[in-house]
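Residues per chain, in single letters:
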Amino acid sequence: MSLEKTRLELGFIPLTDCAPLAAAQVLGFFEAEGLDVKLTAQASWANVRDRVAAGLLDGAHMLGPMTIAQSLGIGGEPTAMAAPLALNLNGSAITVSTAVAEALRELDPLAMAARPPSSAPLARLAGIRRAAGAPPLTFAVVFPYSIHNYALRDWLAAGGAAPDRDVRLTVIPPARMVEKLAAGDIDGFCVGAPWNTLAAARGVGEILVRARDWWGATPDKVLGFTRDWAGRHPETLLAVLRATMRGAAWADAPENRATLAAILSRPEFVAVSERVLLRALEAGDGDGIVFSRYAAGFPWRSHAAWFLSQMTRWRQAPAEADVEAAMAVYRPDLFREAAAALGEPAPTVDAKLEGAHDAPWTLTEATAPIPMPADRFLTGEPFDWAKLMATTPGT
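Note that the structure is a prediction, hence the values are computed from the model and not measured.

Peer 1: Can you explain the overall build of the chain? Please cite residues and give values.
Peer 2: In terms of regular secondary structure, the chain is built from 19 helices and 14 strands. On C-alpha atoms alone, the chain measures out to a radius of gyration of 20 Å, which is about the 21 Å that the 2.2 N^0.38 rule sets for 395 residues. Here the chain holds 395 residues, and 57% of them are scored as buried. Of the contacts formed within the chain by residues at least 6 apart in sequence, a portion of 73% connects residues at least 24 apart. With 36 positive and 43 negative side-chain charges, the chain shows a separation of 5 Å between the mean positions of the two kinds.

In structure tokens form, the structure reads like this:
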């Protein structure tokens, strides 16, 4: 069938996890699908959200939780969204200034020597500062509705720190995190690659917790479209998915990391040195960020349910928020259609028990067995989306 539209503009934020899109453009995967795609860097996640909603962008590299909040009208006017493809697992991290890291190490060297370190020393430091009349430490996240906000809050709470009392949380675009940390405007941040790696390379920050340490297979970005756009351009959408999935598979191959780092270092993409980007890509022997392996591209509806659970936990959404509507934003049906055309395996279930595996495992509920990673949460408590639906009013 013919494409409804061939010239597209897709937005992205300069981060390592824009790699599937960058690879699809540079390596000609979009062109092979008959698409003329313009990738445009955006200033902030709020800008991405607003430009997609207004139709100024056909689609974009987006925060998974942001598409759910946008669909449910949480934090703004509702715009029904569709997320048919996840762009990565892992890749983000919590980093503190070198001064804060040293203060935490002096307070509790054993806790700081653990991997990952507990936030208990930070809770103690917060109490000391409060008793002295000093302001709380300031931590930055990229957007209120983001894995970064929820990961930081969960890590803080797990060690006894109260996120809304012991630290001050602020929102800063990813590319400005390192300069703000170096200037002393913030004491730490949670952001995606390569900005944690850059802070460490410049000697202004120390990485404490990587996403994979907190949740072995942490969901993050998606390729998002308004539901209206997706409905009006079904063949174009599938072409975009196929090209981007090919880009993700190429980006995930270890032998392509050096070339990928060179592509992402270009001014039109991330504009950070190849050396820093390669270090970010290789963090954890390649499992620091995953683009295709482990069904990384599959839009698990259990991820969407978990995101909504965090919105209610941190009082961003009411307890009676519609779990089914949140899960419907993620479109595994569209992923399966694109995967079938590429001859790639895909899960045959829409959701799974999250955080239940201490070791690598195999997903057999799929068109072919799919190797999966250990995915245990730092807290050790798995997340069962079905129980959430059973206990949420109105679902």
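Peer 1: Explain the pattern of salt bridges to me, using residue names and the numbers behind them.
Peer 2: The full count for this structure, using the stated rule, is 23 salt bridges. Taking the shortest distance from any N to any O, the salt bridge between Arg293 and Asp252 comes out at 3.1 Å. Of the two residues, Arg293 is situated in the loop between strand E12 (289–290) and helix H16 (301–313) and Asp252 in helix H13 (residues 234–252); the sequence distance between them amounts to 41 residues. For Asp350, the salt bridge is made with Arg301, and the minimal N-O distance between the two is 3.7 Å. One end of the pair, Asp350, is in the loop between helix H18 (332–342) and strand E13 (361–363); the other, Arg301, is in helix H16, and 49 residues separate them in sequence. Three or more residues are tied together by salt bridges with common partners; here these are Asp17, Asp220 and Lys221.

Peer 1: Describe the packing of aromatic side chains, listing the residues and the values that go with them.
Peer 2: Aromatic ring pairs are described here by two measures, namely the spacing of the ring centres and the angle between the planes. One pass over the structure, following the stated rule, counts 13 aromatic pairs. Here Trp306 and Phe377 contribute two aromatic rings whose centre-to-centre distance is 6.3 Å and whose plane-to-plane angle is 20°, an arrangement assigned as stacked. Of the two residues, Trp306 is situated in helix H16 and Phe377 in the loop between strand E14 (370–372) and helix H19 (385–391); the sequence distance between them amounts to 71 residues. Trp306 sits in the buried class, given a relative accessible area of 6%.

Peer 1: Before we move on, could you go through the pairing of strand E8 (residues 167–171) and cite the residues and values that matter?
Peer 2: As paired elements, strand E7 (residues 137–141) and E8 share five bridges and run parallel to each other. When the bridges of E8 are listed, Val141 appears paired with Val171. Considered for its hand, the β-α-β crossover made up of E7, helix H8 (residues 147–158) and E8 is right-handed.

Peer 1: Explain the environment of Leu237 to me, and be specific about the residues and the numbers.
Peer 2: Relative to the assigned elements, Leu237 resides in helix H13. Relative accessible area serves as the criterion here: at 2%, Leu237 is assigned to the buried category. Placed 153 residues apart in sequence, Leu237 and Pro84 show a C-alpha to C-alpha distance of 9.1 Å. Contacts of Leu237, omitting those with residues within four sequence positions, involve Pro84, Phe225, Trp229, Ala230 and Leu334.

Peer 1: Break down helix H4 (residues 64–72) for me, with residues and values.
Peer 2: Among the nine residues in H4, eight count as buried, and that is most of the element. Among all positions in H4, only Gly64, Pro65, Met66, Thr67, Ile68, Ala69, Gln70 and Ser71 are buried. Gly73 sits one or two residues past H4 and shows a positive phi near 75°.

Rules behind the numbers
Residues numbered from 1 in each chain as written. Predicted model: local features only at pLDDT ≥ 70, side-chain atom pairs only at ≥ 80, totals over all residues. Heavy atoms only, no water. Helix = DSSP H or I, 4+ residues; strand = E, 2+ residues; numbered from the N terminus. Rg over C-alpha atoms; globule rule 2.2 N^0.38 Å. Buried < 20%, exposed > 50% of the residue type's maximum accessible area, 1.4 Å probe, protein only. Contact = heavy atoms within 4.5 Å. Lys, Arg positive; Asp, Glu negative; His and termini not counted. Charge placed at Lys NZ, Arg CZ, Asp CG, Glu CD. Salt bridge = Lys/Arg side-chain N within 4 Å of Asp/Glu carboxyl O. Phe/Tyr/Trp six-rings, centres within 6.5 Å; stacked < 30°, edge-to-face > 60°. Pairing = 2+ DSSP bridges. Right-handed = clockwise from strand over helix to strand, strands pointing away.

So yeah, pure geometry; function would need other evidence.
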